[in-house]
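# Fold and geometry: a report
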Amino acid sequence: MTWNPDQYHLFREARSAPVRDLHALIPDQAYASVIDLGCGTGEHTLTLARRFPQAQVTGLDQSAEMLERAQAQQAPNLRFRQGDLGRLDDTYDLIHANASLHWVPDHPTLLAHLWTHLHPGGVLAAQVPANHDHPSHRLLTDTALDFQDELGGYARFGTAHGASPVLPPARYAELLDELGGVDITALSKVYPVVLNGADGLIDWTKGTALVPYLSHLTDHGQQRFLTAYRERLHAAYPGERVYYAFTRTLFTARRPA
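By the naming in an unreviewed UniProt entry, the chain goes by Trans-aconitate 2-methyltransferase and is assigned to Deinococcus grandis.

Tallying secondary structure elements over the chain gives 10 helices and 7 strands in all. Relative to a compact globule of 257 residues, whose C-alpha radius of gyration would be 18 Å, the chain shows 19 Å and is just as compact. Dimensions of the chain along its principal axes, counting C-alpha atoms only, are 55 × 40 × 35 Å. For the chain, with 257 residues in total, the buried portion stands at 52%. Expressed as a percentage of contacts within the chain between residues at least 6 apart in sequence, the contacts between residues at least 24 apart total 77%. Total accessible area computed for the chain in this model is approximately 11500 Å², and 49% of it derives from carbon and sulfur atoms.

A few words now on the pattern of salt bridges. Enumeration according to the criterion identifies 10 salt bridges in this entry. Close ionic contact of glutamate 150 with arginine 224 constitutes a salt bridge, the shortest N to O distance being 2.8 Å. Linking glutamate 150 in the loop between helix H6 (135-146) and helix H7 (169-178) with arginine 224 in helix H10 (residues 219-236), this pair joins segments that are 74 residues apart in sequence. Under the relative-accessibility criterion, glutamate 150 is labelled partly exposed at 38%. Overall, the relative accessible area of 34% leaves arginine 224 in the partly exposed class. Salt-bridge contacts for arginine 171 lead to glutamate 174; the nearest nitrogen and oxygen are separated by 3.2 Å. In this pair, arginine 171 and glutamate 174 both sit in helix H7, 3 residues apart, roughly one turn of the helix. The exposure class assigned to arginine 171 is partly exposed, which follows from its relative accessible area of 29%. Glutamate 174 gets classed as partly exposed once you look at its relative accessible area, which sits at 42%.

This paragraph deals with the pairing of strand S2 (residues 56-61). Within S2, 5 of the 6 residues are buried, leaving the element largely enclosed by the surrounding structure. The pairing of strand S1 (residues 33-37) with S2 spans 5 bridges and is classified as parallel. The partner of leucine 37 across the bridge, within S2, is leucine 60. Each parallel crossover has a hand, and the one from S1 via helix H3 (residues 43-51) to S2 is right-handed. With helix H4 (residues 64-70) bridging S2 and its parallel neighbour strand S3 (residues 78-82), the resulting β-α-β unit is right-handed.

Turning our eyes to something else, we now look at the packing of aromatic side chains. A complete count under the given rule lists 7 aromatic pairs for this structure. Ring centres 4.9 Å apart and planes at 75° place the aromatic pair tryptophan 204 and phenylalanine 246 in the edge-to-face group. With a gap of 42 residues between them, tryptophan 204 in helix H8 (residues 197-206) and phenylalanine 246 in strand S7 (residues 242-254) connect regions that are remote in the sequence. On the basis of relative accessibility, which here comes to 3%, the residue phenylalanine 246 falls in the buried class. With a centroid separation of 5.8 Å and an interplanar angle of 20°, the aromatic rings of tyrosine 244 and phenylalanine 246 are classed as stacked. For the pair shown, tyrosine 244 and phenylalanine 246 are each scored as buried. The structure contains a cluster of three or more aromatic residues connected by ring pairs, namely Phe147, Tyr213 and Phe225. Residue placement shows arginine 15 over the ring face of tryptophan 204; its charged tip is 4.0 Å from the ring centre.

The next subject is the UniProt feature "domain: Methyltransferase" (unreviewed entry) in the chain. UniProt records the feature "domain: Methyltransferase" (unreviewed entry) at residues 34-122, using the numbering of this structure. Between the C-alpha atoms that bound residues 34-122 there is a distance of 10 Å. The span itself is 29% helix and 30% strand.

With that settled, consider the pairing of strand S4 (residues 92-98). Regular strands place side chains that alternate from one sheet face to the opposite one. With respect to burial, S4 is a largely interior element, 7 of its 7 residues being buried. When S1 meets S4, the two strands line up parallel, connected through 4 bridges. Residue pairing for S4: isoleucine 35 is matched across the bridge by isoleucine 95. Sheet topology note: the S4/strand S5 (residues 118-129) ladder contains 6 bridges and is parallel. Residue pairing across strands places isoleucine 95 opposite leucine 124, the latter belonging to S5.

Thresholds, definitions, all that
- Residues numbered from 1 in each chain as written.
- Predicted model: local features only at pLDDT ≥ 70, side-chain atom pairs only at ≥ 80, totals over all residues.
- Heavy atoms only, no water.
- Helix = DSSP H or I, 4+ residues; strand = E, 2+ residues; numbered from the N terminus.
- Rg over C-alpha atoms; globule rule 2.2 N^0.38 Å.
- Buried < 20%, exposed > 50% of the residue type's maximum accessible area, 1.4 Å probe, protein only.
- Contact = heavy atoms within 4.5 Å.
- Areas by Shrake-Rupley, 256 points an atom, 1.4 Å probe, with all protein chains shown as cover.
- Salt bridge = Lys/Arg side-chain N within 4 Å of Asp/Glu carboxyl O.
- Pairing = 2+ DSSP bridges.
- Right-handed = clockwise from strand over helix to strand, strands pointing away.
- Phe/Tyr/Trp six-rings, centres within 6.5 Å; stacked < 30°, edge-to-face > 60°.
- Lys NZ or Arg CZ within 6 Å of the ring centre and 35° of its normal.
- UniProt positions renumbered as here; feature names shortened; annotations may be inferred.

In structure tokens:
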């Protein structure tokens, strides 16, 4: 996928509010190694590096475009590298994931994998978007089905609405308990965003949800896809203002020492 940091940052404040709440849930303790999974442009990784100066903090992301921008974030204990957040090869005191785990399928298996890469006494802290059943996403799936030949059959959540890997907060709490986690917190919170009608929704989704679809299309195909998607959104949201109830699921747990 080809990410556009500038497009993503159009809504920087709205996208940053959930991670600030996540950071408030992370306990202060002596972390020696921290990894930020799906670090993007690295601003929140830098926040972790400054909060825990005694720790070696690593930002991990698959996107070369995002990592190029992340290099501007500087701290003595901070580094960035390219890699797959679902395939860790080291062990950490704090595993942090801000709006990234929803790109990986099968969250029960994913959490079990991450847990094995957590030191005893370490903390797992994550937050994920939980808006996969919002009309903006359902209409995106409908549009993708119309373009399935050009997309090579790609559909992020398959052909079923609501088929996101993101689970309810209670299920994350249960899974973390089954893994042996303690001090578990799991919650859902709405972060309202007011957008400029259907076109505002297009700008929002172009920063995230639209990325894998547009990455599968030619330039001409992208324009046709956006036109078809925009028509659906305008039919659903004909006004000049859209109240987008942006919902996030946050969870943390500690592995006993």
